[in-house]
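One-letter residues, chain by chain:
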Amino acid sequence: IRKNGNELWYYSPLRNDKTPSFKITVSLNSWYDFGLGKGGSILDFLILFHKCDLGEAFKILDQVAPPKNVNTLLRNILKVPPVLKLDRSRVCKILN
């Protein structure tokens, strides 16, 4: 594991890796695997890592992330204004 400013470098959890080539950019909340040539958000990672669909990825995230972080992610993806109530369990059902 290596830290370079706002970037964290790890061995890839998506494949066998001999040198750290999995980068997380903290300020952007994004990742990129240079060996696969793929990257994205935490949801993109969960879909690849768990081999699941978007609805299942939300369920996994909902179990491990603080509720405030999940709500923020849902609002950003679904473009829900802060003044509207967001029902996470209903969104997960809709996505399945």
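Here, the structure is the one placed above.
The structure contained in this document is the topic of the report that follows. Owing to the predicted nature of the structure, the values given are computational and were not obtained by experimental measurement.

Describing helix α1 (residues 42–50)
Each turn of an α-helix holds 3.6 residues, which means side chains three or four residues apart point in the same direction. Within the sequence span of α1, burial applies to Leu43, Phe45 and Leu46. One side of α1 carries all its buried residues, which in axial view fall inside an arc of 155°. For α1, the N-terminal capping position is held by serine 41, with its side-chain oxygen 3.2 Å away from the main-chain nitrogen of leucine 43. Of the residues trailing α1, lysine 51 is marked for its positive phi of about 50°.

A word on the packing of α1 against helix α2 (residues 54–64)
Taken N-terminus to C-terminus, the directions of α1 and α2 make an angle of 105°; their axes are 9 Å apart at the nearest point. Comparing the axis directions of α1 and α2 gives the class roughly perpendicular. Contacts between α1 and α2 involve Ile42, Leu43, Leu46, Ile47 and His50 on the former and, on the latter, Leu54, Ala57, Phe58, Ile60 and Leu61. When the residues that make up the contact of α1 with α2 are grouped by side-chain class, the tally is nine nonpolar, one polar and no charged.

Some remarks on the pairing of strand β3 (residues 22–25)
Here strand β2 (residues 7–10) runs beside β3; their pairing, made up of four bridges, is antiparallel. Residue pairing for β3: glutamate 7 is matched across the bridge by threonine 25. Both β3 and strand β4 (residues 30–33) contribute to a ladder of four bridges, which runs antiparallel. Within β4, the residue paired with lysine 23 across the bridge is tyrosine 32.

Cut-offs and rules
- Residues numbered from 1 in each chain as written.
- Predicted model: local features only at pLDDT ≥ 70, side-chain atom pairs only at ≥ 80, totals over all residues.
- Heavy atoms only, no water.
- Buried < 20%, exposed > 50% of the residue type's maximum accessible area, 1.4 Å probe, protein only.
- Helix = DSSP H or I, 4+ residues; strand = E, 2+ residues; numbered from the N terminus.
- Arc of directions from axis to C-beta.
- Polar contact = N/O pair within 3.5 Å; in protein donor to acceptor, adjacent residues only side chain to side chain.
- Axes fitted to C-alpha atoms, helices over the stretch in contact; angles between N-to-C directions.
- Parallel < 35°, antiparallel > 145°, perpendicular 65-115°, else oblique.
- Contact = heavy atoms within 4.5 Å.
- Nonpolar A, V, L, I, M, F, W, Y, C, P; charged D, E, K, R; others polar.
- Pairing = 2+ DSSP bridges.

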